Amino acid sequence: MRRGLLALILLAAGMQAPRAHAFRNVLIDGNGPGEAWGKAVGDIDGDGRKDLVVGGFDPRHPGLYWYRNPRWSKAVIDARVRIGTDIEVADLSRDGRADVAAIFYERGRYGLVWYENTPAGWRRHVVDANRMLHDIEVKDLDGDGRPDVVGRGWGAGGRALHVWRRTAAGGWAHSRIGLPEGGEGLLAVDLDRDRRPDLAVGKYWLENVSRPGAVAFRRHTYNLAAPANAYMAAGTIDGDGRVDLVVSPAERAGQYYRVSWFQAPADPRAGTWTEHVIENRVECVVHFAGIADFDRDGHDDVATAMMQQGRNPKIKIYYNRRGDGTFGPPTIVAHTSSHSMRIIDVRNNGWPSLFGADWNRSPRTPVRMWEQP
């Protein structure tokens, strides 16, 4: 009787918390653009399946491309453009089609460009041709129904955020938000649950107090222990319904820090967000952190990837088995490197996969996916 009861309990537990599939290494493109700095995911062709977008910075083999799910056939958006570290897919024209916004480099200057997805093909629109950027996010910041863009540079250039508010006339109104310190990393997410996208950078989060036609933010320090150069992700790590932050040290090789999650208090504006270390003493080349329920047990897990300049780069998943933010040793998905990865549900079946490419592979960059079936 006891054995039978134990078997039923184990069977029920297995049904409630299925174990993750093994990740399958899929080569999407062995001849991808050189120095594939930019990656994004979105439904480009409107068939209900997420496609891949990749941009290369290498002047010998640049370009912005998308890969059609499920066969990953490659199509050109712009074969000549040099693409920086961030790409976002969003309906900027509000016509029901997914457009592509990206950081670009041209004639010695960085800037912001977006490609309109029209029935006749891709139409290029330059928003700003004189702005050093490392990160961009596309969100309706002021609640007027039009997508806006916020960007951040790196190093000393990361001491400010740049906002391009979409106007009723179709133009872009630029404004600048100063920050206490430089660095890299930017995340737009509703942290205080008021249905307006807030911003997170390094040690700070910026509360969105905008109104239609006027973008405004109020800065808060969530925890001084967070690194200035940080890749950031957001999710409900401990299951309390509040939006927590996962922060990884993105720079530099040969230095060491830790990957942590920061627990949101009841009022995210008041007090310090408690730091919980996921893994200590990791080399500061973790240029990706993402959150998804990789094993479909109802709890948010954490994925990270290290860049190629690291001494022993890996792609990892930390499973949140108990759902309270207690993480054990990481599961190694691959003993290799990647950069600014993206999470994608390839088959719309609830199993998250990872796709990416490293930033300094040239003259061609392999584009790969670690897929759950």
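Keep in mind that what you see is a predicted model, and the values were worked out from it rather than measured. (Residues numbered from 1 in each chain as written. Predicted model: local features only at pLDDT ≥ 70, side-chain atom pairs only at ≥ 80, totals over all residues. Heavy atoms only, no water.)

Student: Is there a simple way to think about empty space enclosed by the protein in this case?
Tutor: To find the voids left in a structure, one rolls a probe of water-molecule size over its atoms. Enumeration according to the criterion identifies one cavity of 30 Å³ or more in this entry. Taken as a whole, the largest cavity encloses approximately 40 Å³ of empty space. As for the largest cavity, its lining consists of Arg152, Leu179, Pro180, Glu181, Gly182, Val201, Gly202, Lys203 and Tyr204. The residue makeup of the lining of the largest cavity, split by class, is four nonpolar, two polar and three charged. (1 Å grid on protein atoms, 1.4 Å probe; cavity = no way out; pocket = protein on both sides within 12 Å on 5 of 7 lines; lining within 4 Å. Points joined across faces, edges and corners; volume = space filled by probe spheres on them. Nonpolar A, V, L, I, M, F, W, Y, C, P; charged D, E, K, R; others polar.)

Student: What's the story with the layout of surface pockets in this structure? I'm lost.
Tutor: Within this model, the largest pocket holds a volume of roughly 830 Å³. Contributing to the lining of the largest pocket are 32 residues, with Glu88, Glu137, Leu187, Tyr231 and Arg342 lying nearest its centre. Counting residues per element, the ones that place at least two in the lining of the largest pocket are strand S2 (38-42), strand S6 (82-90), strand S10 (135-139), strand S14 (187-189), strand S18 (230-235), strand S22 (289-292) and strand S26 (339-344). Grouping the amino acids of the lining of the largest pocket by side-chain chemistry returns 19 nonpolar, five polar and eight charged. Size it by volume and the second largest pocket reaches roughly 370 Å³. Along the walls of the second largest pocket sit 19 residues, with His134, Trp154, Glu184, Glu251 and His287 positioned nearest its centre. (Helix = DSSP H or I, 4+ residues; strand = E, 2+ residues; numbered from the N terminus.)

Student: What is the right way to read the pattern of salt bridges from this model?
Tutor: Should their charged atoms come close, side chains of opposite charge can pair. Summed over the entire model, instances satisfying the criterion amount to 26 salt bridges. The closest approach of N and O atoms between arginine 24 and glutamate 371, which form a salt bridge, is 3.2 Å. On the criterion of sequence distance, the pair formed by arginine 24 in strand S1 (residues 24-32) and glutamate 371 in strand S28 (residues 365-371) is long-range, its members being 347 residues apart. Using a relative accessible area of 3% as the deciding quantity, one classes glutamate 371 as buried. (Salt bridge = Lys/Arg side-chain N within 4 Å of Asp/Glu carboxyl O. Buried < 20%, exposed > 50% of the residue type's maximum accessible area, 1.4 Å probe, protein only.)

Student: So what exactly am I meant to see when it comes to the sheet that holds S10 here?
Tutor: In spatial order, the strands read S10-S11-S12-S13; together these four strands make up an open sheet with antiparallel pairing. Either end of the sheet is taken by a strand with one partner, and the two such strands are S10 and strand S13 (172-178). The mean inter-strand angle of the sheet, taken between neighbouring strand axes irrespective of direction, is 20 degrees. The pairing of strand S11 (residues 148-152) with strand S12 (residues 160-166) spans four bridges and is antiparallel. From the neighbouring strand, arginine 152 faces S12, where its bridge partner is leucine 161. (Pairing = 2+ DSSP bridges. Axes fitted to C-alpha atoms, helices over the stretch in contact; angles between N-to-C directions.)

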